[in-house]
Amino acid sequence: MYSASLPPPPPRRDFISVTLSPGGGGLQAAAGGGGGYNNSKAWRRRSCLRKWKQLSRLQRNVILFIFAFLVVCGVITYANMAEPWKSLTSSSPGEQKMDLEIPGLNPANQAVLPIPKQADPDLRDYPDISLQKPPKEPPVRRRAPNPQLRPPPRNTKVKLQGSVTKAGEEPHQAVQEHKTEKSVISWRGVVIEPDQITESPSNKIKELDKPLPGESEDQKEPVPLNERQMAVIEAFHHAWKGYKEFAWGHDELKPISKLFSEWFGLGLTLIDALDTMWILGLKEEFAEARKWVATELNFDKNVDVNLFESAIRILGGLLSTYHLSGDTLFLEKAKDIGSRLMPAFNTPSKIPFSDVNIGRGTAHPPRWTSDSTVAEVTSIQLEFRELSRLTGEEKFQSAVDGVMQHIHTLPGKNDGLVPMFINTNSGQFTHLGVYTLGARADSYYEYLLKQWIQGGKKENELLEDYVKGIEGVKMHLLRKSQPKRLTFVGELAHGRFSAKMDHLVCFLPGALALGAHNGLPTDHLDLAIELAETCHQMYAQVETGLSPEIVHFNMHAQKDRKDVEIKAADRHNLLRPEAVESFFYLYRFTGDKKYQDWGWEILQSFNKYTRVSTGGYASINNVQNPSNPEPRDKMESFFLGETLKYLFLLFSDDVDLINLDKYVFNTEAHPLPIWHQHK
C-alpha cells in the first residue's frame, strides 16, 4: 500500500518513442521506458566484446587462426606480385635501331698491351713476401684461329653522355696525382718502393691512343683449335641455342620448362657471355648479341639491382668487351650503368648499400638488415677503377678506393682474416668472430691481390692486407683430411674450427698461383698445387664426377670412409667455375697437363648429367645420384660467362690468349687490362 503523501506511479506505457533530431544528428529510441539505445563507437565496442566473450575458447581460437592465415597469405601474395606488377607497369623508351657494324671484329687484329719489363717493387729485405722470379711459361706456343684480340681504335670519337673525346685531345685526368711519390711502409716496417714502370689511372686518357710497342710481334699466324677447345665451343653453342630460343634478352634460361627468369631484367646471361663469344671466335653470335645491346639494353628502369652482381657481371662484362673488341658502344653502356650504381655509396660511412634502384637513383640495404657483406663491398673495385681510367671521371675510383682504405684500418680482423659483414651506418665489422674464405668473404682476398696487380704493383697497402690474409689462412683455417691427407680450408666460428669448405673456396689456388707468378713467395704456389688437388678430389670422389656446393672433410681416419663427406642440404651443383678457374691458372704457370685432364673430366660430367636436350644446361640437386641427379630448372649466367670461358682457356696452349701479364680477370672472369706505361 502506498502512503497518502506519494503520488501513484504512472502506468507502464507499451509503446516505442522515436525522436529524430532536426540536424540529422542521429536517432534516439526508448522502449517501454526501459533503458536506451546508443549507436556510439564505445557502445558498439562493448557489444562486440560481449559477443566475443560469449564464444567458446575453441571458436575464438579458430577465428584467430583464420585471421592469422589470411594475413600471412596477404603478405606472401604482395611480395610475389609487387615486382612483376612494377615490371608490367614500367615502360622503357625504345632506342632507335642502328646498323650492325661491329668495329674491330677482325680476327687479324690482336690485343697488344705490353708486358712490364722492369723489376717489381724491392722487397728483398722482407722475409715473408720477398718477390721471386716467376716460373717459366709452358713451352708450347700455339694460337687459336678465331679468338684474335685487338685494342680499342686509336682515332675513334667516343661519345659519352654528351661529351666527345677525340684522339690527341687533352682529356681530364682520371684521378688526381700525388704531388710527391712516397715510399710505403709495409707490414712489419719494411719499406716497399713503388714500381716505376707502371701507372695509375691518373695518366691521361690519350695514353690509350698511343702506338703500342711491339704490336707487329703479336700478329701471329693462327693455328687450328684443338679437339677439347672445339668441345667447349660445341657446349657453348648448345647452351646459347636454348637461351636464344627460350630466353632471349632475359636474365636467365629455365631449360627444363623452356622459359626464362628475371632477376634484374637486364639480359644478364647475354652480357655475361659477350667476351666469351669474342674469345671463342663466335662472330655470328657476337653480332646478334651486340645488336641487342645497341637497340634493346636500357638501364633507365625502375628496378632494384644488387650493386655487387651488377658491377661484376654487367659493368665488368661491358668493359671487358670494349677492350677486346674496341667497340665504343660497350664503353658508353658501361659508363651509363656505372653512373647509375653510384647512389649506393651515399651512406654515412661510405660503405655502400647492397641494392640500388637504377631508375630512381636511390639505394638501400637489404630489407632484413643494415649490413652489407664484406665480399660484396670489396669486390667492385677493379671495375670502377677501370671505368675512371677510361672516362677520366675520378668519382668512380674515389668511391671504391675509399672503401678499401677504410677497411685497411678497421679493427676486428684476426691475423688478416676479416668477418663476413660490415654495417653501412657505423662502418664497423659486425658478427665478429666468424671467419671463412667461402660465401660473403671470398673475393675480398682475391681483389686485394688483383687490384695490386691492376695498378702496376704500386698500392702496397693492398699487398700488405693480402699477404696478412694468406698468413691468417695458414694459421687458423688450413687442415689435413683423412685418409689421403688433402689440404683444405675450413672455417672458424668463435674459436671453434669447422671442417666445412665451400666450392667457392676453390678460387684460392688460382689466386695463390697468380700471386706467385707476380713475385710473391714460392710457397704460395706450393699451397696452390695442394689445394687444387683437393678441389679435384671434390669432383673425383663424387658419383657423378661433379662437386657439391659444400663439402665436409673427415679429419680422423675411419675404415671405408672417404676424405669428402656430403650432407643432403649441400649436394647440389650450380655449374660453378672456381675449380676450372684455378686449373687454368696452374696450367698457365706450371705447364702440368694434369690440370687440362681434370678440366676435361669436368666438362664430360657436365655434358652427361646437366645437359638438356632442347638446349641449355641445368643445375642439379643431387650429385650423388647418377641415375637421377634431379635437374633444377635454371642455367646460371656464369656458366657461359665463366665456366666455359675458363675451360676454353685451360685447353689452350697459347699463353698470349688473354695473356696474364697483360690482363687481370675480375671475379666474373671478365679480363681487364693491367695499367702500364708506354715508353
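Reading the values: the criteria
- Residues numbered from 1 in each chain as written.
- Predicted model: local features only at pLDDT ≥ 70, side-chain atom pairs only at ≥ 80, totals over all residues.
- Heavy atoms only, no water.
- Helix = DSSP H or I, 4+ residues; strand = E, 2+ residues; numbered from the N terminus.
- Buried < 20%, exposed > 50% of the residue type's maximum accessible area, 1.4 Å probe, protein only.
- Contact = heavy atoms within 4.5 Å.
- Areas by Shrake-Rupley, 256 points an atom, 1.4 Å probe, with all protein chains shown as cover.
- Pairing = 2+ DSSP bridges.
- Axes fitted to C-alpha atoms, helices over the stretch in contact; angles between N-to-C directions.
- Phe/Tyr/Trp six-rings, centres within 6.5 Å; stacked < 30°, edge-to-face > 60°.
- Core = buried A, V, L, I, M, F, W, Y, C linked by side-chain atoms within 4.5 Å.
- Expected span 1.5 Å × (residues − 1).
- Parallel < 35°, antiparallel > 145°, perpendicular 65-115°, else oblique.
- Left-handed = near helix turned anticlockwise from the far one by under 90°.
- Nonpolar A, V, L, I, M, F, W, Y, C, P; charged D, E, K, R; others polar.
- Disulfide = S-S within 2.5 Å.
- Polar contact = N/O pair within 3.5 Å; in protein donor to acceptor, adjacent residues only side chain to side chain.
- Salt bridge = Lys/Arg side-chain N within 4 Å of Asp/Glu carboxyl O.

Where an unreviewed UniProt entry is consulted, the chain appears under the name Endoplasmic reticulum mannosyl-oligosaccharide 1,2-alpha-mannosidase, with the organism given as Sphaerodactylus townsendi.

## Section: the overall build of the chain
From N to C terminus, the chain includes 17 helices and 24 strands. The proportion of buried residues among the 679 residues of the chain is 54%. Intrachain contacts of the chain at a sequence separation of at least 6 include 71% that bridge at least 24 residues. Element-wise, carbon and sulfur atoms account for 53% of the exposed surface of the chain, whose accessible area totals about 31000 Å².

## Quick word on the sheet that holds strand β11 (residues 362-364)
Pairing is antiparallel in the open sheet, where three strands are placed in the order β9-β10-β11. Each edge of the sheet is formed by a strand with only one pairing partner; in this case those strands are β9 (304-306) and β11. Between one strand and the next, the sheet's axes are offset by a mean angle of 30 degrees, whatever the strand orientation. Relative to the sheet, helix α6 (residues 307-325) contacts β9 and β10 (355-357), its axis offset from that of β9 by approximately 70 degrees.

## A closer look at the packing of aromatic side chains
Given two aromatic rings, their pairing is described by the distance between the two centres and the angle made by the two planes. The tally for this structure, following the rule as stated, stands at 24 aromatic pairs. With a centroid separation of 5.3 Å and 40 degrees between ring planes, the pair formed by W240 and Y243 is classed as tilted. Taken together, the residues span about one helical turn, with W240 and Y243 both in helix α3 (residues 227-246) at a distance of three residues. Put simply, the rings of F584, Y585, F589, Y646 and F665 pair up and form one aromatic cluster.

## A word on the nonpolar core
By size, the foremost hydrophobic cluster in this structure holds 158 residues, and its most contacted members are L274 and F384. A per-element tally of this core places α6 first, with 10 residues. Other than its neighbours up to four places away in sequence, L274 contacts F286, A289, V293, L318, T321 and F330.

## Quick word on the sheet that holds strand β13 (residues 421-423)
Sheet strands associate in pairs through backbone hydrogen bonding, adopting either a parallel or an antiparallel arrangement. With respect to topology, three strands assemble into an open sheet ordered β12-β13-β14, the strand pairing being antiparallel. Two strands close off the open sheet at either side, each with one partner strand: β12 (371-373) and β14 (429-430). In the sheet, β12 pairs with β13 via three bridges, with the strands oriented antiparallel. What sits directly across from D371, in β13, is N423.

## Digging into the side chain of T534
Positionally, T534 belongs in helix α14 (residues 522-540). By relative accessible area, T534 is classed as buried at 0%. The contacts of T534, once residues within four sequence positions are left out, are L486, T487, F488 and F553.

## Digging into helix α11 (residues 442-454)
Helix length check: α11, at 13 residues, gives a terminal C-alpha distance of 19 Å against a target of 18 Å (1.5 Å per residue), a fit within 8%. Most of α11 is tucked away: 13 of the 13 residues are buried. One or two positions beyond α11, positive phi appears at G456, with a value near 85 degrees.

## Things to note about the packing of helix α9 (residues 381-391) against helix α10 (residues 394-408)
The geometry of α9 relative to α10 is characterised by a closest axis approach of 7 Å and an angle of 150 degrees between their N-to-C directions. Of the possible angle classes, the one that applies to α9 and α10 is roughly antiparallel. Relative to α10, α9 is oriented so that their crossing is left-handed. The residues of α10 that touch α9, namely those facing Q381, F384, R385, L387, S388 and T391, are E394, K395, F396, Q397, V400, D401, V403 and M404. Residue composition of the contact of α9 with α10, grouped by class: six nonpolar, four polar and four charged.

## A short note on the state of the cysteines
Two cysteines whose sulfur atoms are joined by a covalent bond form what is called a disulfide. Taken as a whole and judged by the stated rule, the model has one disulfide. A sulfur-sulfur distance of 2.1 Å marks the disulfide that ties C506 to C535. Taking the sign of the torsion about the S-S bond as the criterion, the disulfide between C506 and C535, at about -110 degrees, is left-handed. Placement of C506 in the loop between β20 (500-502) and α13 (508-517) and of C535 in helix α14 is noted, with a sequence separation of 29 residues between them. A relative accessible area of 0% places C506 in the buried class. Assessed through its relative accessible area of 1%, C535 is described here as buried.

## Some points on the environment of D355
Take D355: it is sitting in strand β10. Taking the relative accessible area as the measure of exposure, D355 reaches 17% and is therefore buried. The spacing of D355 and L341 is 14 residues in sequence and 8.9 Å in space, taken between C-alpha atoms. Not counting residues within four places of it along the chain, the set of residues in contact with D355 comprises V305, N306, T362, A363, H364, P365 and P366. Side-chain polar atoms of D355 contact the side chain of S354, separated by 3.0 Å.

## Re unusual backbone geometry
Q482 connects to P483 through a cis peptide bond whose omega is 10 degrees. Relative to the helices and strands, P483 is located in the loop between β16 (478-480) and β17 (487-489). For H494, which is not glycine, the phi torsion reads 55 degrees and is therefore positive. Located in the positive-phi region is D560, a residue other than glycine, with phi close to 60 degrees. Position of D560 relative to the elements: it lies in the loop between β21 (550-553) and β22 (564-565). For D560, a relative accessible area of 75% puts it in the exposed group.

## Some remarks on the pattern of salt bridges
Applying the stated criterion across every chain, the model contains 27 salt bridges. Residues joined by salt bridges that share partners form a network here, namely E252, K634 and E636.

## What about the pairing of β21?
Here β21 shows a buried face lined by I550 and H552 and a second buried face lined by V551 and F553. Pairing between β20 and β21: three bridges, direction antiparallel. When the sheet's bridge partners are listed, M501 is paired in β21 with V551. Relative to β22, β21 runs antiparallel, the two sharing two bridges. Pairing of H552 across the sheet is with E565, part of β22.

## Digging into helix α15 (residues 578-590)
For α15, which comprises 13 residues, the first-to-last C-alpha distance of 18 Å matches the rise-based estimate of 18 Å (1.5 Å per residue) to within 8%. For α15, the full list of buried residues reads E578, A579, V580, E581, S582, F583, F584, Y585, L586, Y587, R588 and F589. Where α15 ends, the next residue or the one after it, G591, has phi of about 75 degrees, a positive value.

## Things to note about the environment of G591
As for its position among the elements, G591 is in the loop between α15 and α16 (594-609). The spacing of G591 and D653 is 62 residues in sequence and 8.7 Å in space, taken between C-alpha atoms.

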